[in-house]
Amino acid sequence: MIRHPVTLPELRRRIEAEAPGWIRRATRRTEKFRKAGKYGEASNIWSEIKAVYMRLQSFKCAYCERRLASEDFGGAIEHDLEHYRPKGAVPAWPSAQIASERGISYRFATGDAFPDGYYLLAYHPFNYATACKKCNSPLKSSFFPVAGPRGSGSDDPAALQTEKPFLLYPIGDLDEDDPEEVLTFDGVIPVPKVPRGPRHRRARVTIDFFELDQREELWRGRAEVIVALFIALWVQQNNTDEKARTVADRAATTLLSSASAHTNCARSFRELYRRDPLRAEEIADRAQAYLDSHSP
Ligand SMILES: [Zn+2]
């Protein structure tokens, strides 16, 4: 996961450019929910602005960093516009079933259920992100684990930071923690960047919540990035042929850019390569062996 920088005014400007009048209509709907004291409407209007988030996130899932289809040829169906804070009732996470099936047990609290839900945030631009179907539906569902007390009745996500959410929010700088300061990678496996404290716990919960260390499609995608990046970094460092080095420079730049899949994994691998090239080579070998053994 990486941060996708944007300010709230800029996000609102992009939303208005995508769907003129959307913010006014969204505000009216929010006022209805405020009067009713809950979320409820026959049909929603957030899909009108989904493309704003798809482009902002370079067509990647906000949580697992898989690259999904672009907008052409109906590619938008691969992306779900997801509410970071659920608009309806929030069950406690992990549920007894999830805890037992996935062997999750923490020494810290992850928040009670919240039956009211965050209905005033159903239409807040800083409460959206696009996610892949796997991250959004079975995993994120309507959960929202927190370390602090649930904030209720607020229509401002900035005021709700006292909840100390466990899940990272990568859009803009609303979340004080940059995902790359919280999550890093040991090869293809995501790990907490710091050994203890609140950021360590956020990393642990985010990894467990989205099964970021368990999903085969993610291992494979990251292994492909590591193998390609290792070759590029090795050529940059060791090859004396100018043309080869130019090609390697360009490949490395692309693989490390925020527009490519699994950027955090790629950047973590580059750090390792600088720090400990022998260990990086070992990891690249293992990544290649993984790809070899999982090829049809
Ligand atoms: Zn995902």
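The rules behind these values
- Residues numbered from 1 in each chain as written.
- Predicted model: local features only at pLDDT ≥ 70, side-chain atom pairs only at ≥ 80, totals over all residues.
- Heavy atoms only, no water.
- Phe/Tyr/Trp six-rings, centres within 6.5 Å; stacked < 30°, edge-to-face > 60°.
- Helix = DSSP H or I, 4+ residues; strand = E, 2+ residues; numbered from the N terminus.
- Buried < 20%, exposed > 50% of the residue type's maximum accessible area, 1.4 Å probe, protein only.
- Lys NZ or Arg CZ within 6 Å of the ring centre and 35° of its normal.
- Donors = N, O, S within 2.8 Å, 3.2 Å for Na, K, Ca; no water.
- Tetrahedral: all angles 85-135°; square planar, octahedral: opposite > 155°, others 65-115°.
- Salt bridge = Lys/Arg side-chain N within 4 Å of Asp/Glu carboxyl O.
- Contact = heavy atoms within 4.5 Å.
- Patch = residues over 30% accessible without salt bridge, like charges linked within 9 Å, V, L, I, M, F, W, Y side chains within 5 Å.
- Areas by Shrake-Rupley, 256 points an atom, 1.4 Å probe, with all protein chains shown as cover.
- Lys, Arg positive; Asp, Glu negative; His and termini not counted.
- Charge placed at Lys NZ, Arg CZ, Asp CG, Glu CD.
- Axes fitted to C-alpha atoms, helices over the stretch in contact; angles between N-to-C directions.
- Parallel < 35°, antiparallel > 145°, perpendicular 65-115°, else oblique.
- Nonpolar A, V, L, I, M, F, W, Y, C, P; charged D, E, K, R; others polar.

Asker: Requested: an account of the packing of aromatic side chains, with residues and values cited.
Answerer: By convention here, two paired aromatic rings are described through the distance between centres and the angle between planes. In this structure the tally under the stated criterion is 20 aromatic pairs. Taken together, a centroid distance of 6.3 Å and an interplanar angle of 85° make the contact between tryptophan 219 and tyrosine 290 edge-to-face. Separated by 71 residues along the polypeptide, tryptophan 219 in helix H8 (residues 216–238) and tyrosine 290 in helix H11 (residues 277–293) bring together distant segments of the chain. What makes tryptophan 219 partly exposed here is its relative accessible area of 25%. You can call tyrosine 290 buried: its relative accessible area is 16%. Ring pairs connect the aromatic residues Tyr63, Trp93, Tyr106, Phe108, Phe143, Phe166, Phe209 and Phe210, which therefore count as one cluster. We note arginine 85 situated over the ring of tyrosine 118; from NZ or CZ to the ring centre the distance is 5.7 Å.

Asker: Before we move on, could you go through the coordination of the zinc ion and cite the residues and values that matter?
Answerer: The protein atoms donating to the zinc ion are Cys61 (SG), Cys64 (SG), Cys132 (SG) and Cys135 (SG), with metal-donor distances spanning 2.3 to 2.4 Å. One can describe the donor arrangement at the zinc ion as tetrahedral, given that its four donor atoms subtend angles of 103 to 116° at the metal.

Asker: Before we move on, can you summarise the pattern of salt bridges with the specific residues and values?
Answerer: The tally for this structure, following the rule as stated, stands at 25 salt bridges. Here glutamate 224 and arginine 220 are joined by a salt bridge, their closest N and O atoms 3.5 Å apart. Taken together, the residues span about one helical turn, with glutamate 224 and arginine 220 both in helix H8 at a distance of four residues. What makes glutamate 224 partly exposed here is its relative accessible area of 40%. Residues joined by salt bridges that share partners form a network here, namely Asp175, Asp177, Arg199 and Arg202.

Asker: Summarise the side chain of aspartate 80; cite the residues concerned and give the values.
Answerer: Here aspartate 80 shows up in strand E1 (residues 80–83). On the basis of relative accessibility, which here comes to 13%, the residue aspartate 80 falls in the buried class. Beyond its immediate chain neighbours, meaning those up to four positions away, aspartate 80 contacts Lys50, Ala129, Thr130, Ala131, Lys133, Asn136 and Ser137.

Asker: Outline a positive patch on the surface, listing residues and values.
Answerer: Side chains of Arg24, Arg28, Lys32 and Lys35 sit close together on the surface and give a patch of like positive charge. Structurally, lysine 32 can be placed in helix H2 (residues 22–36).

Asker: Could you give me a rundown of the packing of helix H10 (residues 263–275) against H11, with the residues and numbers involved?
Answerer: Two elements in contact, H10 and H11, have axes whose closest approach is 5 Å; the angle formed by their N-to-C orientations is 135°. By the angle between their axes, H10 is oblique relative to H11. Together, Phe269, Leu272, Tyr273, Arg274 and Arg275 of H10 and Pro277, Arg279, Ala280, Ile283 and Ala284 of H11 make up the contact between the two elements. Counted by class, the contact of H10 with H11 contains seven nonpolar, no polar and three charged residues.

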